[in-house]
Amino acid sequence: MPTDFDAIVIGAGPGGEVAASRLLGGGLRVALVERELIGGECAYWACIPSKTLLRPPEARAEAAGAAGLSTPELDWPALRDYRDYMIRHLDDAAQIDGYRKQGVTVVKGTARLTGRGPWRIEADGQQLSAEHVVIATGSQPLRPPVDGLDQVEVWTNREATTLREIPARAVMIGGGAVGVELGQFLARMGTRVTLLQRSPRLLTREEPRLSELVADRLRTDGIDLRLGRQATTARRDGADTVVELDDGSSVRTDVIVLGAGRRPHTDGLGLDAVGIQTNHRGALNIDEHCRVTSDGLWALGDVTGTALFTHVAMYQARVVADTILGKPRRADYTAIPRVVFAQPEIAAVGLTTAQAHERGNNLATSELDLADSIARPWTYETKPAGTLGLLADRDRRVLVGAWTTAPLAGEWIHQAALAIRAQIPIDTLLDGIAQFPTYSEAYLAAAERLDLKTATPLPQ
Ligand SMILES: Cc1cc2nc3c(=O)[nH]c(=O)nc-3n(C[C@H](O)[C@H](O)[C@H](O)COP(=O)(O)OP(=O)(O)OC[C@H]3O[C@@H](n4cnc5c(N)ncnc54)[C@H](O)[C@@H]3O)c2cc1C
Ligand SMILES: NC(=O)c1ccc[n+]([C@@H]2O[C@H](COP(=O)([O-])OP(=O)(O)OC[C@H]3O[C@@H](n4cnc5c(N)ncnc54)[C@H](O)[C@@H]3O)[C@@H](O)[C@H]2O)c1
């Protein structure tokens, strides 16, 4: 049966955009359906504005820490203007125009699946059919179960990243990447921040030692960290919001900022109508080619719940497009870098110690205080900070994990990412030559500390 398109991509975040562009490049007839803005959460309310906002306070702290420099002033209106420029003033007219000129049919509206064999969708009053449908609808913020949350001022990542004025006080709920980045940003802009983290440590998916170092950093920034704590209720008291915690204490604030995780976005997609179910986390199950079904339904990015990063969404989009275009490839999620853009940067890749033990690695670990071991921290700042941890498998003599918090860590973590993904022998790393004086020299120093001979007992 003839179809309107070869492929319809639902959702124009970073994942959907890469899929649409690659499928178009492969000569297919492509429709891109977006209910809000072309560019998705990442471009307007997540990665781009948050990293734009974080850079000036980072540069300011770096200047203050470099010899002979005085602390530059932060100019909030100028930073806010640049943030607005970076998020295109929430206007995607140029993007729509660009796609249409390239030959993509752009439909602005909420897409709903209405049938299969061939796939049919409805969006903006139009019925479209295609051989392939790619679902790239992203995720939405979780609202924690706090009584009275609807009665007080609450910011999700959207309000927080498009903020116009810096609040005097904020209660941040969640100590993951969003909580650490936005919490530090607000604190450095002068907000009195209280951060509530349900777990006993920050960044729960990372090495506990890294969580400890990050907590110390945030406390130095003046953030009141409440670990192992949750809000139970929130209420108004005059101009204040009062947040009550599960230990009986309370905090007065101007705003509550949510960074308590996200859930896959499948509401209203019409999955039931075509017999598709989500898994227990609300995500779409996919196979190694990112197929939801074998008859042309695909999914990628946050909606798959794989690892909620833009680089993962774009990687899956490349896997989907190549497979549709007849060059099948399997997604391999080994060694995805995980960077939190705090100051100093926090970066990790591969397995944590607990994960490595679970997988039966014969594990060797090392931890390096960068200032004790290499020169770059001292030429970089007067009070050098930074730590690198390595995890290696003794039997295979390869790295299986790395974590660090240090200046520019988001850049040089990629050496560990490549070493882990390509299983580069430790002996090659031990024979490596890094430019002097750079942070990259830390890898040799940390690798030399790995005890690759004796077995470590498994934790009890
Ligand atoms: C504050 C914050 C900061 C972040 N910073 C980073 C970072 O620095 N680096 C990083 O890698 N990741 C970061 N992330 C995560 C990153 O934003 C996501 O992983 C990424 O946006 C996922 O891309 P996606 O294409 O899957 O979905 P999205 O970017 O969420 O895009 C999905 C699109 O689908 C549309 N849509 C949904 N349903 C429908 C429908 N039925 N019909 C039509 N359109 C629909 C939505 O409107 C949206 O535009 C951050 C997240 C947050 C919250
Ligand atoms: N730099 C980056 O790449 C970057 C930046 C921001 C976000 N992200 C992505 O966005 C996703 C969402 O980030 P996130 O930080 O919102 O989620 P997250 O799942 O990483 O962390 C949420 C944290 O909130 C805590 N929490 C949950 N409910 C709570 C409650 N009621 N009270 C107190 N604490 C509570 C959890 O224990 C958890 O540690 C992440 O998966 C991350 O990959 C990436």
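Under the annotation held in an unreviewed UniProt entry, the chain carries the name NAD(P)/FAD-dependent oxidoreductase and is attributed to Streptomyces humicola. Comment text from UniProt for the chain, heading Sequence similarities (unreviewed entry), reads "Belongs to the class-I pyridine nucleotide-disulfide oxidoreductase family." The UniProt entry for the chain carries the following comment under Cofactor (unreviewed entry): "FAD".

Each assigned domain of the chain is listed here: domain 1 (5–39 + 92–140 + 263–324), domain 2 (149–260) and domain 3 (338–448). Placing the centre of domain 2 and that of domain 3 at their C-alpha centroids yields a distance of 30 Å. Between domain 2 and domain 3, the contact holds 14 residues from the first and 18 residues from the second. Of the roughly 1300 Å² buried at the junction of domain 2 and domain 3 (both faces included), carbon and sulfur atoms supply 60%. When the shortest N-O distance is used, the salt bridge between Arg209 and Glu367 registers 3.0 Å. Connecting domain 2 to domain 3 are 6 residue pairs in polar contact (both at pLDDT 80 or more).

We now examine the UniProt feature "domain: FAD/NAD(P)-binding" (unreviewed entry) in the chain. In this structure's numbering, the residues bearing the UniProt feature "domain: FAD/NAD(P)-binding" (unreviewed entry) are residues 6–317. As a span, residues 6–317 carries 31% helix and 26% strand, and end to end its C-alpha atoms are 16 Å apart.

The full set close to ligand 2 counts 25 residues, and Glu181, Gln197, Arg205, Leu308 and Val339 are the nearest of them. Between an oxygen atom of ligand 2 and a main-chain N or O atom of Val178, the distance comes to 3.0 Å. Here an oxygen atom of ligand 2 sits 3.2 Å away from a polar atom, N or O, in the side chain of Ser199. Here ligand 2, which alone exposes 830 Å², has 85% of that area covered by the protein. Considering every element that reaches the shell around ligand 2, the biggest residue donor is helix H7 (residues 177–188), with 3 residues. When the residues that make up the shell around ligand 2 are grouped by side-chain class, the tally is 10 nonpolar, 9 polar and 6 charged.

The peptide bond linking Gln343 to Pro344 adopts the cis configuration, its omega dihedral lying at -5°. Within the fold, Pro344 resides in the loop between strand S18 (338–340) and strand S19 (345–350). Put simply, Phe436 and Pro437 share a cis peptide bond, and its omega is -15°. With respect to the secondary-structure elements, Pro437 resides in the loop between helix H14 (426–430) and helix H15 (442–448). The phi dihedral of Cys290 is positive, around 70°, even though this residue is not glycine. Looking at where Cys290 falls in the secondary structure, it is placed in the loop between strand S16 (262–264) and strand S17 (297–299). The exposure class of Cys290 is buried, given its relative accessible area of 0%. A positive phi is found at Ala335, a non-glycine position, where the angle reads about 60°. Looking at where Ala335 falls in the secondary structure, it is placed in the loop between helix H9 (310–324) and S18. What makes Ala335 buried here is its relative accessible area of 11%.

Reading the values: rules and limits
Residues numbered from 1 in each chain as written. Chains lettered and ligands numbered in written order. Predicted model: local features only at pLDDT ≥ 70, side-chain atom pairs only at ≥ 80, totals over all residues. Heavy atoms only, no water. UniProt positions renumbered as here; feature names shortened; annotations may be inferred. Domains from an automatic or database assignment. Contact = heavy atoms within 4.5 Å. Buried area = accessible area lost by both parts, 1.4 Å probe. Salt bridge = Lys/Arg side-chain N within 4 Å of Asp/Glu carboxyl O. Polar contact = N/O pair within 3.5 Å; in protein donor to acceptor, adjacent residues only side chain to side chain. Helix = DSSP H or I, 4+ residues; strand = E, 2+ residues; numbered from the N terminus. Near = heavy atom within 4 Å. Areas by Shrake-Rupley, 256 points an atom, 1.4 Å probe, with all protein chains shown as cover. Nonpolar A, V, L, I, M, F, W, Y, C, P; charged D, E, K, R; others polar. Buried < 20%, exposed > 50% of the residue type's maximum accessible area, 1.4 Å probe, protein only.

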